[in-house]
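Structure assessment
Here's the letter readout for the chains.
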Amino acid sequence: MSDASTRVRGKPLILLTGATGYVGGRLLKALEQAGHHVRCLARHPEFLRARVAPTTEVVAGDVLDQETLPAAMKGVQTAYYLIHSMGSRQAFDEEDRRAARHFGEAARDAGVQRLIYLGGLGDRGGLSPHLQSRQEVGEILRASGVQTIEFRASIV
C-alpha cells in the first residue's frame with residue numbers, strides 16, 4: 001500500500017473495483033472530488049495509477065484470485081463491485097459467480113460494512129444470459145452476509 005492512506009485522514013476507506021471502466025472511471029473522479037479516501041483494485045495497476053488523484057491508492061488484485069483480496073479489503077468500510085466477465089474467453093457466467101463469491105467472502109472476512117453493486121434491470125424469467133448473470137451476482141453478494149445495496153440500471 002502507498003502512503004496515500006495517511007493523506008486522507010478521518011475519512012472511511014472505500015474500495016472501488018472497475019475503475020478502468022465507463023461507470024467506475026466516472027465514479028472514481030466523483031469520489032475523489034468529494035474528498036473520499038479511495039483504494040482501487042486493479043488487475044493491471046500500472047494502467048490506472050496515472051489516472052488517479054495523489055490521495056487514491058491503487059492495489060494489484062483480481063477477484064478471480066481469492067488470495068489477492070484480503071490485503072485490498074483491509075480497513076475498507078464500503079466496497080463498490082463494478083465488475084463483470086462478459087469479455088471472458090471462458091463461460092462468463094461461471095466466472096461472474098466465482099468472482100462474486102470471492103469478493104463477498106473477502107469483504108465479510110475483512111469486516112466490510114457495505115457492498116454497493118451495479119446490476120441490471122429485469123426479473124429472472126426471460127432474461128438474456130448476461131442479465132441473468134447480473135441478477136445472480138447480486139444474489140451472491142447479498143448471500144455473503146455483508147449489507148448489499150444493488151442498483152439495477154438499464155443500458156449504460
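Our structure is the block above this text.
Now for a look at the structure at hand. Remember, predicted model here, so these are calculated numbers, not experimental data. (Residues numbered from 1 in each chain as written. Predicted model: local features only at pLDDT ≥ 70, side-chain atom pairs only at ≥ 80, totals over all residues. Heavy atoms only, no water.)

The next thing to look at is the side chain of His102. Turning to its location among the elements, His102 is positioned in helix α4 (residues 92-110). Within polar-contact distance, the side chain of His102 engages the backbone oxygen of Val63 at 2.8 Å. Leave out the neighbours within four places in its chain, and His102 touches Val63, Leu64, Asp65, Gln66 and Leu69. (Helix = DSSP H or I, 4+ residues; strand = E, 2+ residues; numbered from the N terminus. Polar contact = N/O pair within 3.5 Å; in protein donor to acceptor, adjacent residues only side chain to side chain. Contact = heavy atoms within 4.5 Å.)

Counted according to the given criterion, the structure contains seven salt bridges. Salt-bridge contacts for Glu32 lead to Lys29; the nearest nitrogen and oxygen are separated by 3.5 Å. Of the two residues, Glu32 and Lys29 both sit in helix α1 (residues 22-33), three residues apart, roughly one turn of that helix. Judged by relative accessible area, which is 35%, Lys29 ranks as partly exposed. (Salt bridge = Lys/Arg side-chain N within 4 Å of Asp/Glu carboxyl O. Buried < 20%, exposed > 50% of the residue type's maximum accessible area, 1.4 Å probe, protein only.)

In short, shape yes, function no, at least from these values alone.
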